[in-house]
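One letter stands for each residue in the lines below.
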Amino acid sequence: MDTCLRLDLLVSLQLKTPAVMTPWRAAGRIRVARTMAPTREMSLETKERIVKLLEEGNSSRMVAKDVGCSQSAVSKIWTKYKQHGMVVKAKRTGRPRKTSKRQDKQLKAICLENRKSTTKQMKHKWEEAGANVCDRTVRNRLKEMGFQYRKAKRKPSLTPKHKRTRLQWAKERQSWTVDDWMKVIFSDESRICIGQGDDAGTFVWCRSSEIYEEACLKKTTKFPQSLMIWGCMSGKGTGEMTVVNSSINAQVYIDILDSFLIPSIEQMFGDNEIIFQDDNASCHRAKTVKVFLGERHIQSMSWPANSPDLNPIENLWWKLKKMVHKKAPTCKADLATAIKESWHQIDAEYCLSLIKSMPQRLKAVIKAKGGATKY
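Now for a description of the structure that goes with this document. Since the model is a prediction, treat every value here as computed from it, not as a measurement. (Residues numbered from 1 in each chain as written. Predicted model: local features only at pLDDT ≥ 70, side-chain atom pairs only at ≥ 80, totals over all residues. Heavy atoms only, no water.)

Description of the overall build of the protein
Put simply, the rule is: Secondary structure elements follow DSSP: runs of H or I of four or more residues count as helices, runs of E of two or more count as strands, with numbering from the N terminus. Throughout this description, buried means an accessible area under 20% of the type-specific maximum (1.4 Å probe, protein chains only), exposed means over 50%, and partly exposed covers the range between. When checking whether two residues touch, look at their non-hydrogen atoms; a contact exists if any pair is within 4.5 Å. Here the open area of atoms and residues is found with the Shrake-Rupley method and a 1.4 Å probe, where only the protein chains shown may cover a residue.
Within the protein, the secondary structure is distributed over 16 helices and 5 strands. Out of the 375 residues in the protein, the part that is buried amounts to 33%. Expressed as a percentage of contacts within the protein between residues at least 6 apart in sequence, the contacts between residues at least 24 apart total 70%. In the structure as shown, the protein presents an accessible area of about 26300 Å², 53% of it carried by carbon and sulfur atoms.

Put into C-alpha cells, the structure is as follows:
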C-alpha cells in the first residue's frame, strides 16, 4: 500500500509541475532580459530639496511622497550627499558629443540655405566652419532637428503675383459652405497614357538570380500611346466625359460644352442655377466661348492661375488613372474602353467627399499665404 501511495503522489506531482513552473523554465530555461525605458534625470533643485527635507528630520517615505519620486531614489541621493557633502551630478558613460550647440546651429543654417544639398556637400561646408565630423554625424544631427531626406513634391511654379491672386480668391470664398460648393460644376482636360497610374512603383518577389527574368520586370515604352479626355463633376457625381481626338481650340471647346456640359447640367441640376468652373487656358477664355456661356445663362467662375490644388477634379483624374492602369490596356482602343468603364465606376460618394474638402482647401491656401498646399 505504501508503494502505491508513493507512486500516486509522484504522478500527481509530475502532473502539477507544468502549472507551477516559472515562465523562464517553461520557455526552455532561457531568461529574456527586459530593457527599461530611460528615465529623465532629476533636476538639481529637486535633489537639493530632498536633502533639505531629510535634514529637517522627515522620513524618506514622506520625502518621496512629497517630491513625487521613489523611496529608493531618495535614499541614493542622501547616501551620495553624505559621501561627497554636496549634491553631485552622475557621471555619464559613452562617447562625448562631437559638436556644440553653436555648431549644430551652423549645420541648420547650411541645410536651410540649400535644401537640395547632399550630406557630403553639407559636411564639406560644415568643415569649413570648423566642425570635424563624418557623414553619419551630419545625418544624425539633421534627424535630431526633425529634417528628413524626402522626395520633393511636384507643384506648379508660383510667382508672387500668382500667390496674391490665389490668396485673394480664397479669402473671397472662405465663407462659402459645402452647400454653396454643391452648386459648382468643375471641368478640366487630362491626358491618360497606357501604363500611367503606377506612381507607387511595382514590387515583385524574386531571387537575386531572377532580377531580369520576364516575370520580374516592369515593362516601359519609349512613346506610350495616350488619349486626351474632357470631363466634368460636381458634388452629385460625375457628369459627361468624352475623348478628344483633335487639338482643342475655341470652336472645339464650344462643341464639347454644347454636347457634354449642357446635358450634364440638365441631368444633375435641372433648371437650378449653377456656377461653371474651368481653368485659364486660352481656348477657355476666348470671346466666342464667353458669348456661348452667356447665351446659355451659365455663370462662369473666375479662376486663379496655376491652381490645380483648388480643383477637386484633379483628384478625380488621379483616381481614374489608377483604375485604368488596373485594367492594363495595350492599345488605344483598349485604353478608350478602359477610360469609359472606369469613369462610370466612380461613385457619387467619392465626388461628394472631394466637394466637402473645398473649405479646407481654401483654409490651406490662406494659411500658406497663397503658396502651395498638400492638395
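Next comes the rest of the write-up.
Overview of the packing of helix H13 (residues 313–326) against helix H15 (residues 348–356)
Heads up, the condition is: Note on method: axes are straight lines fitted to C-alpha atoms, helices fitted across the in-contact stretch only, with angles between N-to-C directions ranging 0 to 180 degrees. Left-handed describes a crossing whose near helix is turned anticlockwise from the far helix through less than a right angle; right-handed describes the clockwise counterpart. Residues were grouped as follows: Ala, Val, Leu, Ile, Met, Phe, Trp, Tyr, Cys and Pro as nonpolar; Asp, Glu, Lys and Arg as charged; and all remaining residues, including Gly, as polar.
It is the contact of H13 with H15, at a shortest axis distance of 10 Å, that shows an interaxial angle of 145°. In this structure, H13 meets H15 at a crossing whose hand is right-handed. Residues Asn-315, Leu-316 and Lys-319 of H13 touch H15, and the partners they reach there are Tyr-350, Cys-351 and Leu-354. Taken together, the residues of the contact of H13 with H15 sort by class into 4 nonpolar, 1 polar and 1 charged.

Regarding the pairing of strand S2 (residues 226–234)
For the record, the criterion: A pair of strands is labelled paired if DSSP reports no fewer than 2 bridges between them.
Extensive coverage of S2 is indicated by the burial of 8 of its 9 residues. Both strand S1 (residues 184–193) and S2 contribute to a ladder of 8 bridges, which runs antiparallel. Across the sheet, Asp-188 pairs through a bridge with Gly-231, a residue of S2. Sheet topology places S2 next to strand S3 (residues 237–244); 6 bridges connect them, and they run antiparallel. Of the residues in S3, the one forming a bridge with Met-228 is Val-244. As consecutive antiparallel partners, S2 and S3 are separated by 2 residues.

Here we look at the nonpolar core
Condition: Among buried residues, the Ala, Val, Leu, Ile, Met, Phe, Trp, Tyr and Cys ones that are joined through side-chain atoms within 4.5 Å form a nonpolar core.
Counting residues in each nonpolar core, the largest one holds 35 residues, and the members touching the most others are Trp-181, Ile-229, Met-233, Leu-316, Leu-320 and Ile-339. When contributions to this core are tallied by element, the ones reaching two or more residues are helix H9 (160–172), S1, S2, S3, H13, helix H14 (332–345), H15 and helix H16 (358–367). Looking at this core element by element, the count peaks at 6 residues for H13. Ignoring sequence-local partners within four residues, the contact set of Leu-316 consists of Met-233, Thr-238, Trp-343, Ile-346, Tyr-350, Cys-351 and Leu-354. Of all hydrophobic cores here, the second largest spans 21 residues; its members include Cys-232, Leu-261, Met-268 and Phe-292.

Observations concerning the packing of aromatic side chains
Rule in force here: Only centres within 6.5 Å qualify two rings of Phe, Tyr or Trp (six-membered ring in Trp) as a pair; their planes then separate them into stacked at under 30 degrees, edge-to-face at over 60, and tilted for everything else.
Applying the stated criterion across every chain, the model contains 6 aromatic pairs. Ring centres of Trp-181 and Phe-186 lie 6.4 Å apart, and the angle between their planes is 20°; this geometry places the pair in the stacked category. In this structure, Trp-181 and Phe-186 share a single accessibility class: buried. A ring pair is formed by Trp-317 and Trp-343, whose centres lie 5.8 Å apart and whose planes are at 35°; its orientation type is tilted.

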